[in-house]
Each structure stands twice: as structure tokens, then as C-alpha cells.
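One letter stands for each residue in the lines below.
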Amino acid sequence: MKEQPYDPADLQSHVESAAANKLGLRFRKMFGGIMGYVEDRPFCSLSNMGIAIKLGEPERGELLDEPDARPLQYSPTDPPSKSYVLVPPLFHSNPGQLRRWLLQSAKFVLGQPSKPTRKK
């Protein structure tokens with residue numbers, strides 16, 4: 001298993017390759033990492049921790065059953081994320097496995113109700 005830190009730009013290339021232009025992804029730099037969006041909804045976080053995807057149940061539990069998958073936690077003092085899961089590092093270079101989970105994440109976030117826009 002590759003030890004941290006990961007380069008978010010390298011992770012972005014893995015995500016783009018695995019998605020194979022099927023998701024219409026957009027990326028934006030955030031807090032030293034990169035956030036991936038599908039239809040303007042955040043669905044993956046690319047950071048020095050790895051590739052974390054947003055999932056609901058039961059998919060979240062299914063991914064956490066994979067060896068080396070764990071909830072996203074930026075530091076030991078931060079609480080673990082209840083929605084983002086770090087995909088196993090072996091999936092970074094396995095486009096088929098990564099694509100499967102990216103599609104699951106996109107399906108989840110696109111199925112969630114839109115957040116209302118704030119009035120200015």
C-alpha cells in the first residue's frame with residue numbers, strides 16, 4: 001500500500017481516466033486539495049489522504065468492507081466523515097474498480113434533493 005501523502009493532481013488524473021468522460025466531471029481546488037463535482041454537486045475529495053467519495057448506505061458499508069478502505073479523516077483529532085470514504089489505494093490504478101465506485105457516488109449525490117440557494 002502506498003503511504004501518504006498523495007498528490008491531488010495525480011489523483012485527479014486517475015479519477016478522470018476511470019470516469020472516461022461518462023460523468024461530465026468538474027474539479028475545483030479547495031483547501032490544498034481538489035473537489036470533484038458531478039452536475040455541480042460535490043462527490044469526491046482528492047487530497048493528500050487519497051480519493052474519498054461520498055456514499056450513502058448500503059454502498060458506504062460495502063466499500064468500508066474492502067481492505068484498506070476507511071472513513072475520510074484529515075487528522076487524528078478530526079471526527080471521521082459520515083459520508084466520505086477513502087477508496088483503497090489499489091483502486092487508484094484500477095480504472096474498472098475506481099469507475100464502479102465513482103458511478104455509485106455520482107448516483108448517490110444526484111439522487112439527493114438539491115440544496116436551496118441562499119438569498120443575498
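Residues numbered from 1 in each chain as written. Predicted model: local features only at pLDDT ≥ 70, side-chain atom pairs only at ≥ 80, totals over all residues. Heavy atoms only, no water.

Draft legend 1. Summary view of the pairing of strand 3 (residues 41-47). Here strand 3 lies mainly inside the structure; six of its seven residues are buried. Summarising the sheet, strand 2 (residues 33-38) and strand 3 pair through five bridges and their orientation is antiparallel. Bridging from a neighbouring strand, Y37 pairs with P42 of strand 3. As consecutive antiparallel partners, strand 2 and strand 3 are separated by two residues, and within that stretch E39 has a phi angle of approximately 50 degrees, a positive value. When strand 3 meets strand 4 (residues 50-54), the two strands line up antiparallel, connected through four bridges. (Buried < 20%, exposed > 50% of the residue type's maximum accessible area, 1.4 Å probe, protein only. Helix = DSSP H or I, 4+ residues; strand = E, 2+ residues; numbered from the N terminus. Pairing = 2+ DSSP bridges.)

Draft legend 2. View of the pattern of salt bridges. Inspection of every chain in the model, using the stated rule, returns two salt bridges. D40 is the salt-bridge partner of R26, the closest N and O atoms lying 3.1 Å from each other. With a gap of 14 residues between them, R26 in strand 1 (residues 25-30) and D40 in the loop between strand 2 and strand 3 connect regions that are remote in the sequence. The class of R26 is partly exposed, set by a relative accessible area of 34%. A salt bridge links R100 to E62; its shortest N-O distance comes to 2.4 Å. Of this pair, R100 sits in helix 4 (residues 95-110) while E62 sits in helix 2 (residues 59-64), placing them 38 residues apart in sequence. Residue class for R100 comes out partly exposed when judged on its relative accessible area of 34%. A relative accessible area of 37% places E62 in the partly exposed class. (Salt bridge = Lys/Arg side-chain N within 4 Å of Asp/Glu carboxyl O.)

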